[in-house]
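# Examination of the molecular architecture
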Amino acid sequence: MEKLLQIAKEKADQAEIYYSRCSDDFISIIDSKFNKVTSSIVSGYALRVIKDGKIGFSYTRNLIDREKLIEQALKSAEKGAKVEFSFPKTTKTASLKTYDPDIKLVNKQQLIKEAKEIVQYIKSKSTAQIDMCFYIAEWEKRLVNSAGTSLRELKSWYTFYLSFPFPETVSNISISLLAKKQQPLMDKAKIDHLLELYTISEKQIKVITGKMKVILMPEAVGSFIGRFNEAIHPFYFDNKTSPLLNKMEKQIFSDKLTIYQDPLDDSNLEASAFDGEGVARQKTVFVENGVLKNIYTDLKYSAKLNLTPTGNGGRSEIESSINPSVNCYSITPGNKSLEEMIENIEEGIIIYNLMDSYSGNILEGDYSIGVSAAFYIKNGKLIGRVKDAMINGNIYETLNQINAIENEVHFFGLGNFPAISFEEINVISSQT
């Protein structure tokens, strides 16, 4: 990389090289039978150059022909967009524990043995279809640039997912384990709770269309945060189409709600010390007690909007351009347990998963989403699975009607979210 950077610096005004290498193993089990076992290694280099104020990009899977890679980036810059930023000199980032070397000790035979034990345990209690998968990965990323930045980070993932599909549907109820190293899989208490929900689901209930009390579990909360995430994307502030454009320091949600990112919290699998442009990541509060405080930016939009970069320059793949994105969304927990939130509902529903979550006018916060896994609550107890229903509304109305927020958060990929109880959400049943 250093040799490539040296050559690129001689031909461009500024240069940046990003390297990524990910090795992973995946095992899936469908209906108690082993379905797929795969292993892969993917690596590559991405080069960005700035020449005469314009940016160019190229990428490769190896460094066999460095000159060609640079030539392609310079050619791209000839017709590239003008930029108003420089690659940063980052000399200090947070020291995070994002990698556990014990991930190398994961033994596939042991995983298979544990999977068989889980199947045996569940089959002794239920006739539910059993689907499982494991994902184990190591990821290295490096970034160097002509300003003098030289950064490296290692990550490890160990994830396990168990689900019970509902018969003759595409819906299911599930639990997952997310860690940096191998963990014991057999948590009987969690599996028993999942089996209890599956048993309740065998009774199907059609709700009556109308507004009712609703609890959204963390994954369902994520569909609302996804709409908020779109509204604070710097692109929509730059082209002045965000519904939150003139709402800074104003109340937009219930004062019970605080939303932030903390990529430096290394208990989170998505923790990271620097972004895809070499900017040090930081904790950023977006909403504090319902008041809009900040948006996120990368280098491009921080220059356009005259804001300080927040370390949100995202790279999804080596061949992808930089796109501002948030990792490690979090919601501050409240003061009610999930059990208390359920007990306080005379009639309503609790939604675990939604389907086609990103349909509707996302930017404006509208939602009209099918319910995938949900249960009807009667007198503080779950009495059956809600069938053929959807919810609709607008998050800027719904997130102002929060009754309670769970007193703990759950990590599921997009972030750390608690369950949230709402005074009312419009629920539409196929039975009118």
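Quick summary incoming for the structure in this document. These numbers come from a predicted model, not from an experiment. (Residues numbered from 1 in each chain as written. Predicted model: local features only at pLDDT ≥ 70, side-chain atom pairs only at ≥ 80, totals over all residues. Heavy atoms only, no water.)

## A look at the nonpolar core
Within the largest apolar cluster, 47 residues are counted, with the highest numbers of intra-cluster contacts made by F228, F253, Y329 and I351. Ranked by residue count, the leading element in this core is helix α5 (residues 218-231), at 6 residues. Counting 41 residues, the second largest nonpolar core, distinct from the first, contains I27, I29, M341 and Y352. (Core = buried A, V, L, I, M, F, W, Y, C linked by side-chain atoms within 4.5 Å. Buried < 20%, exposed > 50% of the residue type's maximum accessible area, 1.4 Å probe, protein only. Helix = DSSP H or I, 4+ residues; strand = E, 2+ residues; numbered from the N terminus.)

## Re the sheet that holds strand β11 (residues 291-292)
Across the sheet, 6 strands lie side by side as β11-β10-β9-β14-β21-β20; this open sheet has mixed pairing. The open sheet is flanked by β11 and β20 (410-411), the only strands paired with a single partner. The sheet contact formed by strand β9 (residues 259-261) and strand β10 (residues 284-288) spans 3 bridges and is antiparallel. When the bridges of β10 are listed, Y260 appears paired with V285. (Pairing = 2+ DSSP bridges.)

## Things to note about the sheet that holds strand β1 (residues 14-30)
In spatial order, the strands read β3-β2-β1-β4-β5-β6; together these 6 strands make up an open sheet with antiparallel pairing. Since the sheet does not close on itself, it has two edges, and those belong to β3 (54-60) and β6 (172-179), each with one partner. For this sheet, the mean angle separating the axes of adjacent strands, direction not counted, is 20 degrees. Two elements, strand β2 (residues 33-51) and β3, share 7 bridges in a ladder whose sense is antiparallel. (Axes fitted to C-alpha atoms, helices over the stretch in contact; angles between N-to-C directions.)

## Quick notes on the pairing of β6
On a regular strand, one side chain projects to one face of the sheet and the next to the other, so that they alternate. The pairing of strand β5 (residues 150-165) with β6 spans 8 bridges and is antiparallel. The residue bridging F164 from the neighbouring strand is I173, located in β6. Between the end of β5 and the start of β6, which pair antiparallel, lie 6 residues, with E168 showing a positive phi angle near 60 degrees.

## Examining the pattern of salt bridges
Counted by the stated rule, this structure contains 19 salt bridges. Here K181 ties to D100 by a salt bridge, and the two come within 4.0 Å at their closest N and O atoms. Taken together, the residues K181 in the loop between β6 and α4 (188-201) and D100 in the loop between α2 (66-78) and α3 (108-123) connect sequence positions 81 residues apart. Classification of D100 by relative accessible area gives buried; the value is 18%. With a shortest N-O distance of 3.8 Å, K304 and D238 are connected by a salt bridge. With K304 in helix α7 (residues 299-305) and D238 in helix α6 (residues 234-238), this residue pair connects regions lying 66 residues apart in the sequence. Given the relative accessible area of 41%, K304 is considered partly exposed. We classify D238 as partly exposed; its relative accessible area is 29%. Here the salt bridges share partners, and the residues they tie into one network are E16, R48, E277 and R315. (Salt bridge = Lys/Arg side-chain N within 4 Å of Asp/Glu carboxyl O.)

## Structural notes on the state of the cysteines
Counted by the stated rule, this structure contains 0 disulfides. Of all cysteine sulfurs, the one in C133 lies closest to C22, which takes part in no disulfide; the gap is 15 Å. (Disulfide = S-S within 2.5 Å.)

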